[in-house]
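Structural overview
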Amino acid sequence: MSEVVIVNAENQILGRMATNVVKLLKEGKKVVIVNAEKAVISGPKSRVVAGYKLYFSLRTLFNPEKQGVRRPRSPINIVKRTIRGMLPKTPKGRQMLKSVKVYIGVPQQYNGKNFISFPDADVKRLKGKYITVGELAKEMGWKVYVRAAGQ
């Protein structure tokens, strides 16, 4: 069985973290990402949100009435899509994507385990403004569903 690496996405720059995750996947490791909603995207909030919302207005020539490009709205899917874009577009690349698990917060089975974070992806590198993936997801219409205790 391949080695499982648990990555804490809190205060990690999304793109740089994703490149490091892809390197781990190419080494044959399984990757679990926790605190996905706390990863950051550099740039002023308005520009980042506008860039992501740009795809909502696109239509296809084939059927202009139907929505065009689909965009991920939840933090989990935003992180997975970023990683997917960096993987090879081959069957092996699709297999690597299947060995990535992304979570919002820290699930119980990973409590107390050792997390890694990448020093080259730390938010302290940024001098300007940034937005968290959770904030971006809320701006794009992601609704946070909170389970009641005991369910």
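- The name that an unreviewed UniProt entry assigns to the chain is Large ribosomal subunit protein uL13, with the source organism given as Acidianus infernus.
- Among the UniProt annotations of the chain, the heading Subunit (unreviewed entry) holds the following wording: "Part of the 50S ribosomal subunit."
- Quoted verbatim from the Function (unreviewed entry) field of the UniProt record, the comment on the chain reads "This protein is one of the early assembly proteins of the 50S ribosomal subunit, although it is not seen to bind rRNA by itself. It is important during the early stages of 50S assembly."

1. As for the nonpolar core
- Counting residues in hydrophobic clusters, the biggest one holds 35 residues, and the most contacted among them are Met-17, Ile-33, Ile-83 and Leu-136.
- At the level of secondary structure, the elements contributing two or more residues to this core comprise strand S1 (4–8), helix H1 (14–26), strand S2 (30–34), helix H2 (45–53), helix H3 (75–86), helix H4 (91–98), strand S4 (100–102) and helix H5 (133–139).
- By residue number, the principal contributor to this core is H1, which donates 7 residues.
- Residues in contact with Ile-33, not counting those within four places in the same chain, are Val-7, Ala-9, Met-17, Val-21, Val-79, Ile-83, Val-100, Lys-101, Val-102 and Tyr-103.

2. Describing the environment of Val-4
- You can see Val-4 is positioned in strand S1.
- What makes Val-4 partly exposed here is its relative accessible area of 40%.
- C-alpha of Val-4 to C-alpha of Lys-30: the two residues are 26 residues apart in sequence and 4.7 Å apart in space.
- Setting aside anything within four residues of it in sequence, one finds Val-4 in contact with Lys-30 and Val-32.

What counts, and at which threshold
- Residues numbered from 1 in each chain as written.
- Predicted model: local features only at pLDDT ≥ 70, side-chain atom pairs only at ≥ 80, totals over all residues.
- Heavy atoms only, no water.
- UniProt positions renumbered as here; feature names shortened; annotations may be inferred.
- Core = buried A, V, L, I, M, F, W, Y, C linked by side-chain atoms within 4.5 Å.
- Buried < 20%, exposed > 50% of the residue type's maximum accessible area, 1.4 Å probe, protein only.
- Helix = DSSP H or I, 4+ residues; strand = E, 2+ residues; numbered from the N terminus.
- Contact = heavy atoms within 4.5 Å.

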